[in-house]
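Now for the letters of each chain:
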Amino acid sequence: MNKEISIIINGEVYQHSVPIRMLLVDFIRDVAGLTGTHVGCTYEGVCGACTVHVEGEAVKSCLMLAVQANGRTITTIEGLAVNGKLHPLQKAFNDHHALQCGFCSAGILMNMAEFVRTNREPSEAEIRNALIGNLCRCTGYAHIVDAVKDVVGGAGSAGAARQ
Amino acid sequence: MNYVGKQPGWIGRQFNRKEDYRLTTGKGQYFADIVVPGMLHLMFVRSKHAHARIKRIDTSAARAIPGVVAIVTGEDIRSEIKSLPQPVVVPALPARYPTFWPLAVDKVKFNGEPVAAVVARDKYVAEDAADAIEIEYEPLPVVTNMEDALKPGSPIVHDGWENNEMFALTFTGGATPDSQATNDAEVDHLITSADVVVKGRYRVHRCGVTPLETRGALATWDDADGMVAWITTQRPHIDRLALSDVLDIPTEKIRVIAPRDQGGAFGVKAPFYREPILVCHMARKLRRPVRWLETREEHLMSVSQERDQIHDLEIGATKEGRIVALRDRGLADNGDGCEGVYWGYLMPFLGSALLPNAYDLPKCDIKVRVACTNKAVLSPARSFGAYPTRFALERAIDRLARRLNKDPADVRRVNLISSLPYVTATGVHYDSGDFLKVWDHLIKTIDLPKFRAEQREAWERGRYIGVGFGVGAELSGVASSVLVPMENQPGYGAATVRLDPRGKVQVFEGDAPGGQGHETSMAQVVAQEFGIHPNDVTVTHGDTSTTPFGSGTIGARAGSYTMSAISTACRVLKKKIARVMAHDLNLNADPDDFVFVDGSVIYTKSDNVRKTFREAVERIIMAPLNLPAGETGGLEHTAFFEADAPMICFSAHAAFVEMDANSGQIKVTRYVTSEDVGTVINPQIVEAQVQGGVVQGISNCLFEQFVYDEHGQQLTSTFENYKLANAADVPSVEVHHEAGTPCPHTPLGSRGLGEGIPGAVPGALTNAVCDALKPFDVDINELPLRPNSVWRALKEARRAAAG
Amino acid sequence: MYPAIIENYDAPKSVDEALQAFAKRGSESCFVAGGQSLMQAIKARVLSPKSLIDLQHVTELKGIEYNKGVVRIGAMTRYRDIAADERLDGAYQALRDAASHVGDRQVRNRGTIGGSLCWNYIAACMPPTCMGIGASLELVSKAGKRSLLAEEFLHGPLETARRDDEIVVAINLPAAPTTCGSAYKKWGLVTDALPVVGICAYIELGDDRRCRVARLAVGGLATGPRRAEAGEKSLIGVSANDGLAISKAAETAATSTETQSDIWADADYRKKLIETLGREVIVTAFARAEQGKRS
């Protein structure tokens, strides 16, 4: 029922024996103590608040078991800023007031961090489409879109993002 | 001489939020992030039936699971916990209040009612145990239709009630049956003799504003110090009183803390609910920390369900479009009605009270009835009861315009209140504002004549575009004169402002924000008052041990009441600092002769007579010698603010749609608002409130619906089925607040906004759809607004036109 | 919310290892592919497998191979990789239409074509799309191999022809003449929602540039995905610019398909959606067929 696993999160190795049924998001929050990743729905995996990077790709950590991440490299919101230097998205979110309650923000930042890395100069429609997997209740999405636009390019933007 | 500071003021200025750093780096402190060593996990077992007697609950298999610490049922706790209603959470309004405990006793009344609770050392094990509990029910007949619920012969939801009517009220015509009868007869006469009468049934479905963070309660108990409870609540001070009364814990031994960060609330976290009562009770009983974290499924089954009203509304008008009288019979589906503070019915109550909205309607006959059914009770949602009543009147006005072949914008303008203050026919006081100015600004911004020309051209080419309007005169805070009778609670704003010897400021206030940016906007207000920087100001909120009493983050109180209390407290302290400074410098001066700006306190009559703010403050706190007569050391003040009269904030909305007349598909192409928020403290925060509120309104109108089948089974308990708008579904809102006027009743001229924004949306959207499809004479008066229903309406309209 | 106890977890690296694991663990095991649907069911305790056999490390199941016009898509190929493969055009383009709009981009980073087909959820895109483009599935078990056409494989919602001990290893797309086109569209209440109705059209043109082979497959039905044969028949001999015939074919597809009412749409509106979406995908499929395959 338990399995010994080793997961690298934000550059640190976490080696633990965990129940096979433990969700990856619970491993991140309860075992690794990184509570920046949130749970907003029950099992449907629709809200996206639990989004992290597995091998640099945005996935919903509530739809994976911790054992499935054995041997993998994960980045959570706590690992988005490197050595205290904020990711351009984190700065843009502040400049554009792209968060209110902030509960969805970690998931959105992680999703968008991959998106901006892999999409040069997306249109607004493409940005909005890319955000489908993250529900936000407070902002109506407008300022989030503005923040992402600022980061991805266009005249006078903060420049293209580097992960 | 007027001293003008070099530093621009902080009010009305963009200032990046202070909350964002921690919230964008994963350092927020939300409820689920709080860990108390040894905490146990509580999970509820919820009723599978909509209406049934509980025959037997077998917990033996569950108890045998290792790690299970306790299991309780209604029978176990009914003698241990006082039932509700208790006076502390009962409004001073005449309604029937059903008796209930945190767990069902004798029978269950809705699919999802808590029936038992498991406490275990591990949350996964708690669910295993919950699954292992066997419950035998005897199903009872189910009533899920509010009209049927009020008919003779309906199944009765509450044992001992002879019918399912929980509340009924007449809002107009004074306080006595005679005066009301006279009023009703007058309204009837005005309607019957009017040039044109528009009669309709307007229906808004069950939906709400569910936040992304679900509820939770974590309680610790110590025999000596009592209870500490973290609760996802908008109203920690109220919860503390209520828990004290219900659980018989002396108030000095109970502390309620709303977590510093909450993932949205929108009213859902304002009532006094079943679950925290049980969690606190179990913590005390077990003498161990107990935590409940709500699942999304529990949440969607038991809270966030609001609106759900039917309005039979008639308006009589002149042929110029001026409404002369209005009659409304409202009906609301209140589910089982079991909820502390609001009891579900307060929403339709307020909704009907606000039905006249921003229109000048002195002659009204408005009544409401609220029925119990086998559903979850209504819980507050942004717009608080007014979403359906706004929809009804806005549709009625558009239908009036169509009958008279006039532009709905013109008919609206002719009926808007033109002069304030104003008291509605339902007795609601609107304090100030220039509605026509705000409205005209909207019409100018959207260039309505140009759009109408485009529309005509589009129709000729088989393209269907339309515009629809809605307005909202929304609560800007809630005065005691309303809150005391309505909720047994005060409405004043309260804040403690404390200066420290280094010239920094701490603010303490008892409300509990969930994303509104209070830490930032409040810091801006304080910074403006003292001439310092917002980064020198910290705000502590939500902890009943450290903050003054506050009624909570409800009804847009912060911008109007709490800000005003903060500003008042700052001004008291400024006067003291000025008095001491005048005394120290031997000046024959008034406090008004000093300005606080650029980090200094400056004598305006000679501006090289000054001290740094820090010096001035340090002297009074740390070296309180030779003070003026009657003055003491220290610089801390608590202020309470009550407005002279209830205040509002007004907005006008325009929604633009493009319709596919073949399939009924709806595309929202543009959405524009014109707002009067008075003095703007933080422009980005104000705009964001509108963006979010409008999108919630759109999402409610088009996508969200809580569905119960004919057996009362809930079909919408996951986000797969209760669909929220995603980023690709909605446009950005164009927000304008240039046409606002400062509020004369608050120190800063600010108004509270945010609460009522969704209310204007369903009217605007539905009006836009009907406007776009005007060539087909489509008339939609029921929500949700779905392509399926538009298509059906088009089919029927075509059939009717064909003869 | 949380899964029931799972006793075993295996992460095989090959198909053989995966089959061994199943043989060892027995019938109360589940294979897990991307998990975007299965995990929902496991968390809801609709399914409570004793063992999980995770296919994510079986590299031989990933990737798209092109060999003499035949396309072989490994069952564990993710939506994201299908959506990005521009060689899937013409006859197969419906696959990209579908894959690029499943769920959201996080789902597309994990979800797989094989997983979707094996789950055969009522509201899924891969089943009708694979039916429409004439795909067949390759299944492997300890007993041997077999190949089934999509419509033989897909039964009612959540039911397929796969035996518990079989693994779908690949989806094979037949070599198609250059003058073929396919397209897929869906409708759900919110953007890119699970399809209330999804329809795939496949058109093959003859030398006379008229439709020689037509397939229309509809998903979102209580019956499971279905071909709309009456609609298909009425497309034979039709050319791309024959708007009237195309509309009629879509209408025929709609009226001849058995639809259901639920909280998303009533049965009549579902037919309306089949008609409107059907017309759109037929037109697009014709256009793609006219362009001819580029690679």
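This structure is a prediction, so every number in the text was calculated from the model and none was measured. (Residues numbered from 1 in each chain as written. Chains lettered and ligands numbered in written order. Predicted model: local features only at pLDDT ≥ 70, side-chain atom pairs only at ≥ 80, totals over all residues.)

**Regarding the overall build of chain C**
(1) Moving on: In terms of helices and strands, chain C carries 11 helices and 12 strands.
(2) Moving on: Expressed as lengths along the three principal axes of its C-alpha atoms, the size of chain C is roughly 60 × 45 × 30 Å.
(3) Moving on: The proportion of buried residues among the 295 residues of chain C is 58%.
(4) Moving on: Counting contacts in chain C only where the partners sit at least 6 residues apart, residues at least 24 apart contribute 65% of the total. (Helix = DSSP H or I, 4+ residues; strand = E, 2+ residues; numbered from the N terminus. Buried ≥ 20, exposed ≤ 12 C-beta atoms within 10 Å, placed from the backbone. Contact = placed C-beta atoms within 7 Å.)

**Section: the packing of helix 10 (residues 346-353) of chain B against helix 11 (residues 386-403) of chain B**
All names here are of chain B.
(1) Moving on: Contact geometry of helix 10 with helix 11 gives a least axis separation of 7 Å together with a crossing angle of 35°. Crossing hand, helix 10 versus helix 11: right-handed. Between helix 10 and helix 11, the contacting residues are Leu350, Gly351 and Ser352 on the first element and Ala386, Pro388 and Thr389 on the second. (Axes fitted to C-alpha atoms, helices over the stretch in contact; angles between N-to-C directions. Left-handed = near helix turned anticlockwise from the far one by under 90°.)

**Some remarks on helix 11 of chain B**
(1) Moving on: Its 18 residues place the ends of helix 11 of chain B 26 Å apart at the C-alpha level, agreeing with the 26 Å of an ideal helix rising 1.5 Å per residue.
(2) Moving on: Burial analysis of helix 11 of chain B places 16 of its 18 residues in the buried class, which makes it a mostly covered element. (Expected span 1.5 Å × (residues − 1).)

**Observations concerning the environment of His299(B)**
All names here are of chain B.
(1) Moving on: With respect to the helices and strands, the residue His299 is situated in helix 9 (residues 296-302).
(2) Moving on: As for His299 and Pro141, which are separated by 158 residues in sequence, their C-alpha atoms are 25 Å apart.
(3) Moving on: Setting aside residues no more than four positions away along its own chain, His299 makes contact with Thr210, Thr214, Arg215, Glu294 and Ser304.

**Focus: the interface of chain A and chain B**
(1) Moving on: Contacts between the two partners involve 44 residues from chain A, matched on the other side by 45 residues from chain B.
(2) Moving on: Those elements that provide at least two residues to the side of chain A that touches chain B are helix 2 (88-95), helix 3 (105-118), helix 4 (124-130) and helix 5 (142-152) of chain A.

**Observations concerning the nonpolar core**
All names here are of chain B.
(1) Moving on: Counting residues in each nonpolar core, the largest one holds 428 residues, and the members touching the most others are Val118 and Val526.
(2) Moving on: It is helix 17 (residues 557-584) that contributes the most residues to this core, 12 residues altogether.
(3) Moving on: Once residues within four sequence positions are removed from consideration, Val526 is found in contact with Val497, Val505, Val507, Val537, Ile566 and Cys570. (Core = buried A, V, L, I, M, F, W, Y, C linked by C-beta atoms within 7 Å.)

**So, the interface of chain B and chain C**
(1) Moving on: Each partner contributes residues to the interface: chain B has 19 residues there, and chain C has 14 residues.
(2) Moving on: Mapped by element, the contributors of at least two residues to the side of chain B that touches chain C are helix 4 (123-132) and helix 21 (787-802) of chain B.
(3) Moving on: In terms of residue class, the side of chain B that touches chain C is made up of seven nonpolar, six polar and six charged. (Nonpolar A, V, L, I, M, F, W, Y, C, P; charged D, E, K, R; others polar.)

**Looking at the confidence of the model for chain C**
Low-pLDDT stretches of the model should not have their predicted coordinates read in fine detail.
(1) Moving on: For chain C, per-residue confidence averages 96 on the pLDDT scale, and residues scoring 70 or more make up 99% of the total.
(2) Moving on: ipTM for the predicted complex: 0.96, alongside a pTM of 0.96. (pLDDT = per-residue confidence, 0-100.)

**Quick look at the sheet that holds strand 6 (residues 134-139) of chain B**
(1) Moving on: With antiparallel pairing, the three strands of this open sheet are ordered in space as 4-2-6 (chain B). In the strand order of this sheet, the two ends are held by strand 4 (107-108) and strand 6 of chain B, each with one partner. (Pairing = 2+ DSSP bridges.)

**Re the domain arrangement of chain C**
(1) Moving on: Segmenting chain C into domains produces domain 1 (8-54), domain 2 (59-173) and domain 3 (180-290).
(2) Moving on: In this structure, domain 1 of chain C and domain 3 of chain C have C-alpha centres spaced 35 Å apart. (Domains from an automatic or database assignment.)

**Re the sheet that holds strand 19 (residues 493-499) of chain B**
Residues and elements named next belong to chain B.
(1) Moving on: The four strands lie next to each other as 21-20-19-25, forming an open sheet whose pairing is mixed. The open sheet terminates on both sides in strands that have one partner only, identified here as strand 21 (537-541) and strand 25 (636-641). Adjacent strand axes in the sheet meet at a mean angle of 20°, parallel and antiparallel pairs treated alike.
(2) Moving on: Note that strand 19 and strand 25 share six bridges and pair antiparallel. Bridge pairing links Val497 to His637 in strand 25.
(3) Moving on: Contacts from helix 16 (residues 518-530) reach strand 19, strand 20 (505-509) and strand 21, with the element oriented near 135° to strand 21.
(4) Moving on: Running over the sheet, helix 17 touches strand 19, strand 20 and strand 25 and is turned about 40° from strand 19.

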